[in-house]
Amino acid sequence: MTSEPVAESRSLGALLRVLGGIERLGNKLPHPFWLFVVLSVLLALVSWGLAAAGVSAVNPASGETVVARNLLSVEGVRMMVGDAIENYTSFPPLGTILVVMLGVAVAERSGLLAAVLRSGVSKVSPKWVTFALAFTGMVAHVASDAAYVVLIPLGALAFRAVGRSPILGIVVAFVSISAGYDASPLITPADAVLSGLTTAAAHTIDPSYVVTPVANYYFSIASSFLLAAAITLVTERVLARRVETMPVDPDAPDDDLGSLTLGDGERKGLKAALITLVVLAAAIVAAVLPSGSPLRGEDGGIVQSPLLTSIAIFLGLAFLAAGWAYGKAAGTIGGSRDIPAFMAHGFREMAPILVLFFAISQFLAYFRWTGIGEILAIDGAGLLRSAGVSGPVVFLGILLVVTVINLVVTSGSAQWALVGPVFVPMLMLLDIPPEYTQALYRIADSCTNAITPMSPYFVMALGFLQRYRRSAGIGTLASMTIPLAVTLLVVWTLLFFVFWALGVPLGPGAPVP
């Protein structure tokens, strides 16, 4: 009988070489901050060449001629220096994510988010544990990257608690969070970031266009249930059999099952948080009902109203209120002084994102000023139109490009800041709304997160896996995540085409092509 290490080496040899190449390539890339600094320098050189060559294009939406502008000219240098602060402070995702995170920080520091995740996987029957853990992973996206730290070890505990392999629980939790990162039944901080970047990209064609954080909400809800079901099916039909050949080490930790149990204070806190959210939701609904409500739009509607366009304020308030109610009931918040302290702690954890946003905001401002993005979008749209390429073919092309890029550039906001300014206006010129382009990006940006060693959370998941099986390596984890990632990419793409074919809006107020 062939030993397990030899069998795995034969079946995954080619895969390991590919992953090794990706890892070596990715390690040569600079930090995303420096990546955008380098891109800004390259953009300056390219703009100089294109301006010297007199490159231009006619915008069919406005009839205006767009001429490439030299970033190294006197006017360009003045813009870079004089508008640097405004470029940063007016960066659409900045204010949105800051407001949302004020509330999220309170919910996280009070212990609410961790308690919600633990309650989602505790006391689940063996029959439903896989789906419960997978769907909890979809809900966990509201905690952003903190979801990895909380849910992956909890996944191992949940599976062990029902007599199943903790290795399988780790894989299910990791894939649910990473490969399904942009799917959630709740509005998440990622929605705020992506919608802000999409809005900025859409302004190339229509300066008044606004993409709200709920622009993909219907699609995201449907995706969360579909992906959880797909993860469950592949896990039970395929991975469970593979894990049977991977026994847990005899000396693996087995004394941590108590971590799943919620205390009396935590249960009391969750009840208080739920009541608070219900009361808050009822208050908002009551405030919106009157026809003259200030939360309605100028036309009296809901679509273009402060309720949706400023949804970040209400999201931040919901997290803040629920976190405060939980903390007071559970005893994790002692007084009012704890609230600003929690907010400050949340901002400290956001510091890397704020630093990255500075580099991204400058690059996008330069890119927009040179007109290169608009020229690329116009020429690209013209080429696709003259070739008779239909929407589905364009969609599949974008999915392929972003999926490949995501193997190396795993930062969702950084990657969308890079490709969004080209894809969004290009598809707008093909009469495809930005909301659909953003939904495509969410699919491609998520699925390959679970298979690339460039993701720090892939390494984290491997570390948790090695707690139970020390001989596990990159190939061990990849051999279990690849079937899930590929399945999610296929079924998620099919769901997108169903929305597209049936003309179902992707979210409240989202246009239908």
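For the structure itself, look to the data block above.
Remember, it's a predicted structure, so these values are computed and weren't measured experimentally.

A. Just the overall build of the protein chain, in detail. For the protein chain, the helix and strand inventory stands at 21 helices and two strands. The buried share of the protein chain, taken over its 513 residues, is 54%. Within the protein chain, residue pairs in contact and separated by at least 24 positions form 80% of the contacts whose partners lie at least 6 positions apart. Per element, the accessible surface of the protein chain, about 21,900 Å² overall, is 67% carbon and sulfur.

B. Here's a closer look at the pattern of salt bridges. Applying the stated criterion across every chain yields a total of four salt bridges. Of the charged contacts in the structure, one is a salt bridge between Arg 164 and Glu 236, with a shortest N-O distance of 3.0 Å. Here Arg 164 is found in the loop between α8 (146–161) and α9 (166–178), whereas its partner Glu 236 is found in helix α11 (residues 217–243), with 72 residues between them in sequence. According to the relative accessible area criterion, Arg 164 is partly exposed, its value standing at 21%. For Asp 264, the salt bridge is made with Arg 267, and the minimal N-O distance between the two is 2.4 Å. Here the residue Asp 264 and the residue Arg 267 both occupy positions in helix α12 (residues 264–288), the gap between them amounting to three residues, near one helical turn.

C. Representation of the environment of Gly 335 in the model. Relative to the helices and strands, Gly 335 is located in the loop between α14 (311–330) and α15 (338–370). Taking the C-alpha atoms as reference points, Gly 335 and Trp 324, separated by eleven residues in sequence, lie 9.6 Å from one another.

D. Expanded view of the nonpolar core. Grouped together as the largest cluster of nonpolar side chains are 151 residues, with contacts concentrated most on Phe 174, Val 175, Phe 219, Ile 360 and Phe 496. Dropping the residues within four chain positions of it, Phe 496 is found in contact with Phe 219, Phe 395, Tyr 436, Ala 439, Leu 440 and Ile 443. Core analysis: the second largest hydrophobic core is formed by five residues, Val 106, Ile 333, Ile 339 and Met 343 among them.

E. Expanded view of the packing of helix α19 (residues 434–447) against helix α21 (residues 474–502). Viewed as axis vectors pointing N to C, α19 and α21 meet at an angle of 170°, and their least axial separation amounts to 9 Å. In terms of axis orientation, α19 runs roughly antiparallel to α21. Counted together, Tyr 436, Ala 439, Leu 440, Arg 442, Ile 443, Ser 446 and Cys 447 of α19 and Ala 485, Leu 488, Leu 489, Trp 492, Thr 493, Phe 496, Phe 499 and Trp 500 of α21 form the full contact between these two elements. Split by residue class, the contact of α19 with α21 holds twelve nonpolar, two polar and one charged.

F. Molecular detail of the packing of α12 against α14. Between α12 and α14, the shortest axis-to-axis distance is 7 Å and the interhelical angle comes to 145°. Read as a crossing pair, α12 and α14 show a hand that is right-handed. Residues Gly 265, Glu 266, Lys 268, Gly 269, Leu 270, Ala 272, Ala 273, Thr 276, Leu 277, Leu 280 and Ile 284 of α12 form the contact with α14, whose own contacting residues are Phe 314, Leu 317, Ala 318, Ala 321, Ala 322, Ala 325, Tyr 326, Ala 329 and Ala 330. In terms of residue class, the contact of α12 with α14 is built from 15 nonpolar, three polar and two charged.

G. Molecular detail of α12. With 25 residues, α12 should cover 36 Å at 1.5 Å per step; its first-to-last C-alpha distance of 37 Å lies within 8% of that length. Among all positions of α12, only Glu 266, Gly 269, Leu 270, Ala 273, Leu 280, Ile 284 and Val 288 are buried.

H. Main features of the side chain of Ser 224. Take Ser 224: it is sitting in helix α11. Excluding residues within four positions of it along the chain, Ser 224 makes contact with Phe 135, Met 138, Ala 183, Ser 184 and Pro 185.

I. Fine view of the packing of aromatic side chains. Per the counting criterion, the structure on display carries 15 aromatic pairs. Considering the side-chain rings of Trp 128 and Phe 131, the 6.4 Å spacing of their centres and the 80° angle between planes classify their relative orientation as edge-to-face. The interplanar angle of 10° and the centroid separation of 6.1 Å between the aromatic rings of Phe 131 and Phe 135 together place this pair among those described as stacked. In this pair, Phe 131 and Phe 135 both sit in helix α7 (residues 129–140), four residues apart, roughly one turn of the helix. On the basis of relative accessibility, which here comes to 18%, the residue Phe 135 falls in the buried class. Every member of this aromatic cluster is reached through a ring pair, and the members are Phe 219, Phe 395, Tyr 436, Phe 496, Phe 497, Phe 499 and Trp 500.

J. Highlighting unusual backbone geometry. Of note, the phi angle at Asp 431 is positive, near 65°, even though the residue is not glycine. The exposure class of Asp 431 is exposed, given its relative accessible area of 63%.

K. Geometry of α21. Its 29 residues place the ends of α21 41 Å apart at the C-alpha level, agreeing with the 42 Å of an ideal helix rising 1.5 Å per residue. Positive backbone phi, at 70°, marks Gly 503, one or two positions downstream of α21.

L. Quick look at a nonpolar patch on the surface. A contiguous nonpolar patch, built from Trp 34, Val 37, Val 38, Val 41, Leu 42, Leu 45, Trp 48 and Leu 72 and spanning about 780 Å² of accessible area, is present on the exposed surface. Counting through the fold element by element, Trp 34 comes out in helix α2 (residues 32–53).

M. Inspection of the side chain of Thr 235 at higher detail. Mapped onto the elements, Thr 235 comes out in helix α11. By relative accessible area, Thr 235 is classed as buried at 0%. In this structure the side chain of Thr 235 is engaged in a polar contact, spanning 2.6 Å, whose partner is the backbone oxygen of Ile 231. In contact with Thr 235, not counting residues within four places along its chain, are Thr 130, Leu 168, Val 172, Ala 240 and Leu 484.

Definitions and cut-offs
Here, residues in each chain are numbered from 1, in the same order as that chain's written sequence. Given that this is a predicted model, residues contribute local features only at a pLDDT of at least 70 and side-chain atom pairs are listed and counted only at 80 or more, while totals for whole chains, interfaces and linings are drawn from all residues. With hydrogens and water set aside, each side-chain value is computed from the structure's full complement of heavy atoms. Strands here mean DSSP runs of E at least two residues long; helices mean DSSP runs of H or I at least four residues long; both are numbered from the N terminus. Throughout, exposure labels follow a simple rule: accessible area from a 1.4 Å probe, protein chains only, divided by the maximum for the residue type, with under 20% read as buried, over 50% as exposed, and the rest as partly exposed. Whether two residues touch is decided by their heavy atoms; if any such pair falls within 4.5 Å, the residues are in contact. The Shrake-Rupley method, run with a 1.4 Å probe sphere, supplies the accessible areas, and residue values consider only the shown protein chains as cover. Salt bridge criterion: a side-chain nitrogen from Lys or Arg within 4 Å of a carboxyl oxygen from Asp or Glu. Take the buried Ala, Val, Leu, Ile, Met, Phe, Trp, Tyr and Cys residues and link them wherever side-chain atoms come within 4.5 Å; each set so joined is a nonpolar core. What counts as an axis is a line fitted to C-alpha atoms, over the stretch in contact for a helix, and the angles between N-to-C directions run from 0 to 180 degrees. Angle categories: roughly parallel below 35 degrees, roughly antiparallel above 145, roughly perpendicular from 65 to 115, and oblique for all the rest. Residue type decides the class: Asp, Glu, Lys and Arg count as charged, Ala, Val, Leu, Ile, Met, Phe, Trp, Tyr, Cys and Pro as nonpolar, and the leftover types, Gly among them, as polar. By definition, turning the near helix anticlockwise from the far helix through less than a right angle yields a left-handed crossing, and turning it clockwise yields a right-handed one. By this rule, a helix spans an expected 1.5 Å times one less than how many residues it contains. Put simply, two rings from Phe, Tyr or Trp (the six-membered ring, in Trp's case) pair if the centres are within 6.5 Å, and we call them stacked under 30 degrees between planes, edge-to-face over 60, tilted for the rest. In this analysis, a patch consists of residues with relative accessible area above 30% that form no salt bridge, clustered at 9 Å for like charges and at 5 Å for the nonpolar side chains Val, Leu, Ile, Met, Phe, Trp and Tyr. Polar contact criterion, stated in full: a pair of N or O atoms within 3.5 Å, where within protein one must be able to donate a hydrogen and the other to accept it, and residues adjacent in sequence count only if both atoms are side-chain atoms.

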